[in-house]
Amino acid sequence: MVDNRFFPNAGPVRLSEIATLTGAAITSPSRAEANGNRSFADVAPLDRAGANDVSFLDNVKYLDTFAESKAGACFVRPQYAGRAPKDTVLLVTAEPYYAYALTAQRFYPEPNFTAVISPQAVVAKNAAIGKDCRIGAGAVIGENVKIGANSRIGSNTVIDDGVEIGSDCRIGALCSISHAIIGNRVILHRGIHIGQDGFGFAPSPKGIVKVPQLGRVLIDDDVEIGSGTCIDRGAGPDTVIGAYSKIDNLVQIGHNVQIGKYVIITGQCGISGSTQIGDGAMLGAQSGLAGHLRIGAGAKLAARTGLMHDVPPGATYGGTPAVPVRDWHRQTVAIAKLAKKKDE
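Caption draft 1: Spotlight on the overall build of the chain. Summing up its helical and strand segments, the chain has four helices and 39 strands in all. Viewed in the frame of its principal axes, the chain has a C-alpha envelope of about 80 × 70 × 35 Å. The buried share among the 344 residues of the chain stands at 40%. Look at the contacts in the chain between residues 6 or more apart in sequence, and 22% of them connect residues 24 or more apart. Per element, the accessible surface of the chain, about 18,000 Å² overall, is 55% carbon and sulfur.

Have a look at this one:
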């Protein structure tokens, strides 16, 4: 169960409030009407939930677990409501995981923080720090930095000269940020590095000459970036991360990369310079993208995809070298058959 030392619980919450918050319809397998005044104490996964917990079913792989769950209430799609335990009140919705996320936020809201600049922080005199900000011990805020209201800067984070950070941002500990303009409500987790030189070199018989990296990193509103990710600044054009995009841990984004809105990039992806990724695209873990590619809006890459050419909008690719996902599955089956035939 949730450790309340780290995650204070704001419950109990009435069922009627949960239904209003999520738009789910309250039903019950054993009663004509469920009691909206009933209160619940917590959220929990199906296999751990008890009579006072709210859970969810989003993946059909867990239908059997759902049927045996002791959860007091559960978000579920209409087509699976018939598999519910008789004592579980159902919150019927087309998007159970989304509804569960809203409910979990209600039980565990973001904790309040004290607005204070630590005496162990180093803040330039001409830095503009907005109202009600928190700056942790050991943080360094450079010349002409601008930080919007209600933002938090973690301990030992370095924000170089001229950087701008919007309001309601959360910057974790041990980050380094330079040559960057960051929007509002952006979350940067611990140990992120933004704005360092892109990998730009001009080789010749006389040697390797470094190409000055003269662009910036522009991060739009409501972006969240995971720990250990590195985003290089542009060589001339800027590196851009579009609004509402979510980037996992340990991702490398090269110079001049243009990422659209609502893009999801999972762990350990590497995106080479000047690649463009359209709105709503999704990149599976450990995908590697060559430079100067165009990934269309809504395209998807399977995990460990090695991509060396453009992908049209809405397409799904996988494998190395990447091909349309159906061709990749056919190749996998064909290779397995060849291997089996060889063994025989």
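Caption draft 2: View of the environment of alanine 302. Structurally, alanine 302 can be placed in the loop between strand 36 (300-301) and strand 37 (306-307). Considered as a pair, alanine 302 and glycine 280 are 22 residues apart in the sequence and their alpha carbons are 15 Å apart. Aside from chain neighbours lying at most four places away, what touches alanine 302 is Gly284, Ser287, Tyr317, Gly318 and Trp328.

Caption draft 3: How the structure looks around the packing of aromatic side chains. Taken as a whole and assessed by the stated rule, the structure comprises five aromatic pairs. Taking the centre distance of 4.8 Å and the plane angle of 5° together, the rings of tyrosine 244 and tyrosine 262 count as stacked. Highlighted residues: tyrosine 244 in the loop between strand 26 (239-241) and strand 27 (246-247) and tyrosine 262 in the loop between strand 29 (258-259) and strand 30 (264-265), separated in sequence by 18 residues.

Caption draft 4: The arrangement of the side chain of serine 118 in detail. Within the secondary structure, serine 118 sits in the loop between helix 3 (96-107) and strand 8 (122-123). Judged by relative accessible area, which is 12%, serine 118 ranks as buried. Apart from the residues within four sequence positions on either side, serine 118 is in contact with Ile135, Gly136 and Ala137.

Caption draft 5: How the structure looks around the layout of surface pockets. Approximately 880 Å³ is the volume attributed to the largest pocket. Together, 28 residues line the largest pocket, and Glu110, Pro111, Arg152, Arg170 and Arg190 are the ones closest to its centre. Among the secondary structure elements, those contributing two or more residues to the lining of the largest pocket are helix 3, strand 13 (152-153), strand 16 (170-171) and strand 19 (187-188). Here the lining of the largest pocket is composed, by residue class, of 16 nonpolar, seven polar and five charged. Approximately 670 Å³ is the volume attributed to the second largest pocket. Every residue lining the second largest pocket is counted, 16 residues in all, and those nearest its centre are Gln105, Glu110, Ile187, Glu224 and Lys246. Among the residues making up the lining of the second largest pocket, the classes are represented as seven nonpolar, one polar and eight charged.

Caption draft 6: Representation of a nonpolar patch on the surface within the structure. A cluster of nonpolar side chains, Val2, Phe6 and Phe7, forms an exposed patch at the surface whose accessible area comes to about 310 Å². Its place among the elements puts valine 2 in the segment before strand 1 (13-14).

Caption draft 7: Spatial organisation of the packing of helix 1 (residues 15-22) against helix 3. Their axes nearest at 9 Å, the elements helix 1 and helix 3 cross at an angle of 125°. Taken together, the axes of helix 1 and helix 3 lie oblique to each other. The crossing of helix 1 and helix 3 is right-handed. Only Ala99, Leu102, Thr103, Arg106 and Phe107 of helix 3 make contact with helix 1, whose side of the interface consists of Glu17, Ile18, Leu21 and Thr22. Residue composition of the contact of helix 1 with helix 3, by class: five nonpolar, two polar and two charged.

Caption draft 8: Structural view of the sheet that holds strand 24 (residues 224-225). Strand order across the open sheet formed by 11 strands is 10-13-16-19-24-27-30-33-36-38-39, with mixed pairing between neighbours. Looking at strand neighbours, the two that pair on one side only are strand 10 (134-135) and strand 39 (323-324), the edges of this open sheet. Note that strand 36 and strand 38 (residues 316-318) share two bridges and pair parallel. Each residue of the ladder has a partner; that of lysine 300, found in strand 38, is threonine 316.

Caption draft 9: Representation of the sheet that holds strand 20 (residues 193-194) in the model. The strand order across the open sheet formed by 10 strands is 8-11-14-17-20-25-28-31-34-37, and the pairing between neighbours is parallel. The two strands at the open ends of the sheet, each matched to only one other strand, are strand 8 and strand 37. In this structure, strand 31 (residues 270-271) lies alongside strand 34 (residues 288-289), joined through two bridges in parallel fashion. Looking at the pairing, glycine 270 lines up with glycine 288 of strand 34.

Calculation criteria
Residues numbered from 1 in each chain as written. Predicted model: local features only at pLDDT ≥ 70, side-chain atom pairs only at ≥ 80, totals over all residues. Heavy atoms only, no water. Helix = DSSP H or I, 4+ residues; strand = E, 2+ residues; numbered from the N terminus. Buried < 20%, exposed > 50% of the residue type's maximum accessible area, 1.4 Å probe, protein only. Contact = heavy atoms within 4.5 Å. Areas by Shrake-Rupley, 256 points an atom, 1.4 Å probe, with all protein chains shown as cover. Phe/Tyr/Trp six-rings, centres within 6.5 Å; stacked < 30°, edge-to-face > 60°. 1 Å grid on protein atoms, 1.4 Å probe; cavity = no way out; pocket = protein on both sides within 12 Å on 5 of 7 lines; lining within 4 Å. Points joined across faces, edges and corners; volume = space filled by probe spheres on them. Nonpolar A, V, L, I, M, F, W, Y, C, P; charged D, E, K, R; others polar. Patch = residues over 30% accessible without salt bridge, like charges linked within 9 Å, V, L, I, M, F, W, Y side chains within 5 Å. Salt bridge = Lys/Arg side-chain N within 4 Å of Asp/Glu carboxyl O. Axes fitted to C-alpha atoms, helices over the stretch in contact; angles between N-to-C directions. Parallel < 35°, antiparallel > 145°, perpendicular 65-115°, else oblique. Left-handed = near helix turned anticlockwise from the far one by under 90°. Pairing = 2+ DSSP bridges.

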